[in-house]
Amino acid sequence: MRSRFTINDFLELEKEVDTKLHYRDACGGGVIELESQDDKTISKIKEFFSKKQIEISFSEDKKYIFTR
């Protein structure tokens with residue numbers, strides 16, 4: 001797995017999904033906030049990170065993505 005999520009990855013992801021994303025960088029750990037959490041968007045996000053070999057986790061409400 002890649003260890004670092006970059007701003008270029010974020011910009012690429014933003015083009016892939018139909019919802020507005022907000023990037024937060026908290027002490028080196030990236031957090032992405034989603035404005036919409038529909039199943040299609042979640043599926044696209046999981047596929048994107050899988051291709052990039054970046055490990056992620058979602059908050060229970062699927063509003064936030066945490067990159068490691």
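Scroll up to find the structure this text is about.
Residues numbered from 1 in each chain as written. Predicted model: local features only at pLDDT ≥ 70, side-chain atom pairs only at ≥ 80, totals over all residues. Heavy atoms only, no water.

## Considering the nonpolar core
Link 1 in the chain: Formed by 15 residues in total, the largest nonpolar core has its most connected members in Leu13, Ile32, Leu34, Ile45, Phe49 and Ile65.
Link 2 in the chain: Within the residue set of this core, elements represented by two or more residues are helix 1 (7–16), strand 2 (29–34), helix 2 (39–52) and strand 3 (56–58).
Link 3 in the chain: With four residues, the top contributor of residues to this core is helix 2. (Core = buried A, V, L, I, M, F, W, Y, C linked by side-chain atoms within 4.5 Å. Buried < 20%, exposed > 50% of the residue type's maximum accessible area, 1.4 Å probe, protein only. Helix = DSSP H or I, 4+ residues; strand = E, 2+ residues; numbered from the N terminus.)

## Brief notes about helix 1
Link 1 in the chain: Along helix 1, the positions that sit buried rather than exposed are Asp9, Phe10 and Leu13. The buried residues of helix 1 all sit within an arc of 100 degrees when viewed along its axis, so they share a single face. Every exposed residue of helix 1 that faces more than 90 degrees away from the buried side is listed here: Asn8 and Lys15. (Arc of directions from axis to C-beta.)

## Focus: the pairing of strand 4 (residues 64–67)
Link 1 in the chain: Of the two faces of strand 4, only the one carrying Ile65 and Thr67 is buried; Tyr64 and Phe66 on the other face are not.
Link 2 in the chain: Note that strand 2 and strand 4 share three bridges and pair antiparallel. The residue of strand 4 that forms the bridge with Glu33 is Tyr64.
Link 3 in the chain: Taken together, the three bridges between strand 3 and strand 4 define a ladder with antiparallel strand orientation. From the neighbouring strand, Ile56 faces strand 4, where its bridge partner is Thr67.
Link 4 in the chain: Counted between consecutive antiparallel strands, the loop separating strand 3 from strand 4 contains five residues, among which Lys62 sits at a positive phi close to 60 degrees. (Pairing = 2+ DSSP bridges.)

## Some remarks on the side chain of Thr19
Link 1 in the chain: Mapping Thr19 onto the fold places it in the loop between helix 1 and strand 1 (21–26).
Link 2 in the chain: For Thr19, a relative accessible area of 12% gives the class buried.
Link 3 in the chain: Of note is the side chain of Thr19, whose polar atom sits 3.0 Å from the backbone nitrogen of Ser36.
Link 4 in the chain: Once you skip the residues sitting within four places of it in the chain, Thr19 turns out to touch Glu35, Ser36 and Thr41. (Polar contact = N/O pair within 3.5 Å; in protein donor to acceptor, adjacent residues only side chain to side chain. Contact = heavy atoms within 4.5 Å.)

## Looking at the pattern of salt bridges
Link 1 in the chain: Counting across every chain of the model gives six salt bridges.
Link 2 in the chain: Members of the salt-bridge network, linked through shared partners, are Asp9, Glu12 and Lys52. (Salt bridge = Lys/Arg side-chain N within 4 Å of Asp/Glu carboxyl O.)

In short, geometric facts, not functional conclusions.
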